[in-house]
Structures are given as structure tokens and as C-alpha cells.
Amino acid sequence: MKLHTFLTFSSFSAAALANPAVTPAAVADHQAIQERAGTTPTPTGTACTATTSPAPVNSATLAAAVAGCVGIQLAGTNDTRNDIVNKICKPFTLIFARGTSEDPNLGNIVGPPFIDALNATFGTNNVAVQGVNNYPASAPEFCIGGSPEGSQNLAQLISQTRTECPNTKLCVSGYSQGCQVVHNAASQLSATDTAFINSVVLFGDPDQGKPVGKVPSYKVSTDCHAGDNICAGGETILEPHLSYCHDVAAEAAFAKARSLASN
Ligand SMILES: *[C@@H]1O[C@H](CO)[C@@H](O)[C@H](O)[C@H]1NC(C)=O
Ligand SMILES: *[C@@H]1O[C@H](CO)[C@@H](O)[C@H](O)[C@H]1NC(C)=O
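Residues numbered from 1 in each chain as written. Chains lettered and ligands numbered in written order. Predicted model: local features only at pLDDT ≥ 70, side-chain atom pairs only at ≥ 80, totals over all residues. Heavy atoms only, no water.

1. A look at the pattern of salt bridges
Note that side chains of opposite charge can pair when their charged atoms are close. Per the stated rule, a full pass over the model turns up four salt bridges. When the shortest N-O distance is used, the salt bridge between R81 and D83 registers 3.1 Å. Residue K87 is joined to E164 by a salt bridge in which the shortest nitrogen-to-oxygen separation is 3.0 Å. Here K87, found in the loop between α3 (59-66) and β3 (92-97), pairs with E164, found in helix α6 (residues 148-164); they are 77 residues apart in sequence, far enough to count as distant. A residue is classified by how much of its surface remains accessible, and K87, at 52% relative accessible area, is exposed. With a relative accessible area of 31%, E164 lands in the partly exposed category. (Salt bridge = Lys/Arg side-chain N within 4 Å of Asp/Glu carboxyl O. Helix = DSSP H or I, 4+ residues; strand = E, 2+ residues; numbered from the N terminus. Buried < 20%, exposed > 50% of the residue type's maximum accessible area, 1.4 Å probe, protein only.)

Set out below in C-alpha cells:
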């Protein structure tokens, strides 16, 4: 994916540029999270502060988190795929919900690297990709448990995949707030649509440990790093929440194994 455009991003700091794995996308993502933090009450009335203490997120933190990853996308690249909307069927389909403040519709620091890994695992011509649309991925919606409109769009896309592409193996995936969207959407599905899901892959899940609708747990792979406060039900963005690009190959292998399973 278009990593060369990285070099044209002039406002990125020289120090960060010294590490080619640190991208403006990731830095911008963090800045946006920090800027939006602390503004929205949760439904229970307690503050959703999304604090960055005790370990502030900065470009050095990002550098450590994504060092060595390939496929991360620049802020503003707005990497978008709409294969299901466009009725493009392939043997394998990924529907992906991005994290808070990431660009539509595939995000920056997990979605595009995951797709690259799926391309490599299944073969580029065998992979259809659909991002969740009508989904602001805003911090306030993280604070209320995940975007309601994004969740509704994802549920509709799952149903549409089953009717348009009945022979595809469907993987439903999300990162951060995108995982909340996956949980919410799954709880809205019919039994038929639920059964159509072949695998679920969750990176940095705020709802870790909660069911994914009625999807059986053997179909679900949840990646939560030690020390990821978001996975622990908190609101603090720490380095372990930013480094899921390192897990995409393993999760692509999980999706492949699921696609070959008989149930
Ligand atoms: C990219 O996404 C951002 C965030 O939603 C939006 O503000 C911007 O207009 C988009 N840019 C393009 C070229 O679509
Ligand atoms: C995956 O393969 C498709 C089809 O060749 C390509 O367009 C895309 O850039 C590849 N990678 C990602 C991250 O989409």
C-alpha cells in the first residue's frame, strides 16, 4: 500500500522520520484522540476521560508501537474499499470497523496492515474488503459503547454479504471502537446472518470477555495485549493499544484456518 506517500508529508517531525515505521497517520490518530478526550459523559454519568496518563502518547511511543510494521496508512489517505456495496464477491470477505479517530473507511494503523496480511494469506484475487460506512468513529461514541449508526451499518453489511455472496467465507473484524461496533452489530443479527459469519477477529477490544452476539466462541479470536488499558475497560491509550499491526499475520492465519473448517 502507498507507503511512498509518507515522504511527502512535510509536517511530520524529523525525529520521527528517522524511524521509517512511524507514520504521520499514527501520530495524527493519537493527537486526535488526545484532543477529543475528556469531553463526553458516559450513559452512567461518569466521565469518559480517555486520559493519556500515566504514559503520555507521543511520537516516541508511536515509534515503539509500530516499529517494523508494514502497510500503515497516512492520515488523510482515507483508504476505502466497498466491495460488498459494489456486489463484488470473492472466496473470502473481510468487513472491517476502524478505531476511534481513524480515517474512513478502513482506518490507518490496523485495517490496512490486516488486509495486506489477508492478501498474502489468501491471494490478492481471493479477498473482498468492505469498510463500515456511516460511522464517525468519534471519541464520544466510544464513550457510549460504540457508534450506533456504524453498528447498524455493519449489521446490514453482514446481511448483504450473505445474500449477495452466499459462497464467501466472511470474517468480521474491528479495532478498538470498531470492536464495540462488532459486538453491537452481532447482537442485532438474525440467526441466519449470525450463522453465516465464519470468523471474528478483534484487535484491542474494549468489550473483551463479552459475547459477540450469538457467534460461537471458537469462531472468535480476540487480540488484547498485556497492559492495554482499553481492553481492561479503561479509557487510557497506552503503547500496547497501538501495536496490533504486529498481530495481523497471526490473525490472517486464524481466518484462513476458520475458512477451511467444516463448521
Ligand atoms: C478523509 O477523512 C477525513 C475524516 O473523516 C475527512 O475530514 C476528509 O474530508 C476525508 N478526505 C477525503 C479526501 O475524503
Ligand atoms: C490487497 O489486494 C488488493 C487487490 O489487489 C489491492 O488493491 C490492495 O491494495 C491490497 N492491500 C490492501 C491493504 O488493500
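2. Description of α3
The set of residues buried in α3 consists of T61, L62, A63, A65 and V66. Positive backbone phi, approximately 90°, marks G68, located one or two places after α3.

3. Quick word on the UniProt feature "active site" (unreviewed entry) in the protein
Per the UniProt record, "active site" (unreviewed entry) is annotated on S176, D228 and H241. In sequence the annotated residues extend across 66 residues, while in space they remain close, none of their C-alpha pairs exceeding 10.6 Å. Tracing the sequence through the fold places D228 in the loop between β7 (220-223) and α9 (248-260). Here D228 falls in the buried class, since its relative accessible area comes to 4%. (UniProt positions renumbered as here; feature names shortened; annotations may be inferred.)

4. Thoughts on the nonpolar core
Taken as a class, soluble globular proteins show a tendency for nonpolar side chains to be buried jointly. Counting 33 residues, the largest nonpolar core has F92, L94, F114, L118, Y175 and F203 as its most contacted members. Among the secondary structure elements, those contributing two or more residues to this core are α3, β3, α4 (111-122), β4 (127-131), α5 (139-143), β5 (169-175), β6 (197-203) and α9. Setting aside residues no more than four positions away along its own chain, F203 makes contact with V110, F114, S173, G174, Y175, S176, C179, D223, Y244, D247, V248 and E251. I95, A155, L157 and V200 belong to the second-largest nonpolar core, a separate cluster that totals 26 residues. (Core = buried A, V, L, I, M, F, W, Y, C linked by side-chain atoms within 4.5 Å. Contact = heavy atoms within 4.5 Å.)

5. Observations concerning the state of the cysteines
Going through the model one piece at a time under the given rule, you end up with three disulfides. Here C69 is linked by a disulfide to C245, with a sulfur-sulfur distance of 2.0 Å. Judged by the sign of its S-S torsion, about 80°, the cystine formed by C69 and C245 is right-handed. With a gap of 176 residues between them, C69 in the loop between α3 and β3 and C245 in the loop between β7 and α9 connect regions that are remote in the sequence. Looking at the unpaired C179, the closest cysteine sulfur is the one in C224, lying at 7.4 Å. With a relative accessible area of 0%, C179 lands in the buried category. (Disulfide = S-S within 2.5 Å.)

6. Description of the packing of α4 against α9
Two packed helices can be described by the angle between their axes and the distance between those axes. Where α4 meets α9, the axes come as close as 9 Å, and the angle between the chain directions of the two elements is 50°. One finds that α4 runs oblique with respect to α9. Once α4 is placed against α9, the crossing between them reads as right-handed. Facing α4, whose interface residues are P113, F114, A117, L118, T121 and F122, α9 presents V248, A249, E251, A252, A255, K256 and S259. Here the residues of the contact of α4 with α9 are counted per class, giving nine nonpolar, two polar and two charged. (Axes fitted to C-alpha atoms, helices over the stretch in contact; angles between N-to-C directions. Parallel < 35°, antiparallel > 145°, perpendicular 65-115°, else oblique. Left-handed = near helix turned anticlockwise from the far one by under 90°. Nonpolar A, V, L, I, M, F, W, Y, C, P; charged D, E, K, R; others polar.)

7. Some points on the pairing of β6
Within β6, seven of the seven residues are buried, which leaves it mostly tucked inside the rest of the structure. When β5 meets β6, the two strands line up parallel, connected through six bridges. Along β6, the bridge assignment pairs G174 with L202. With four bridges connecting them, β6 and β7 associate as parallel partners. Each bridged residue has a counterpart across the sheet, and for V200 the counterpart in β7 is V220. (Pairing = 2+ DSSP bridges.)

8. Structural notes on the environment of F203
Here F203 lies in strand β6. Its relative accessible area of 0% is what places F203 among the buried residues.

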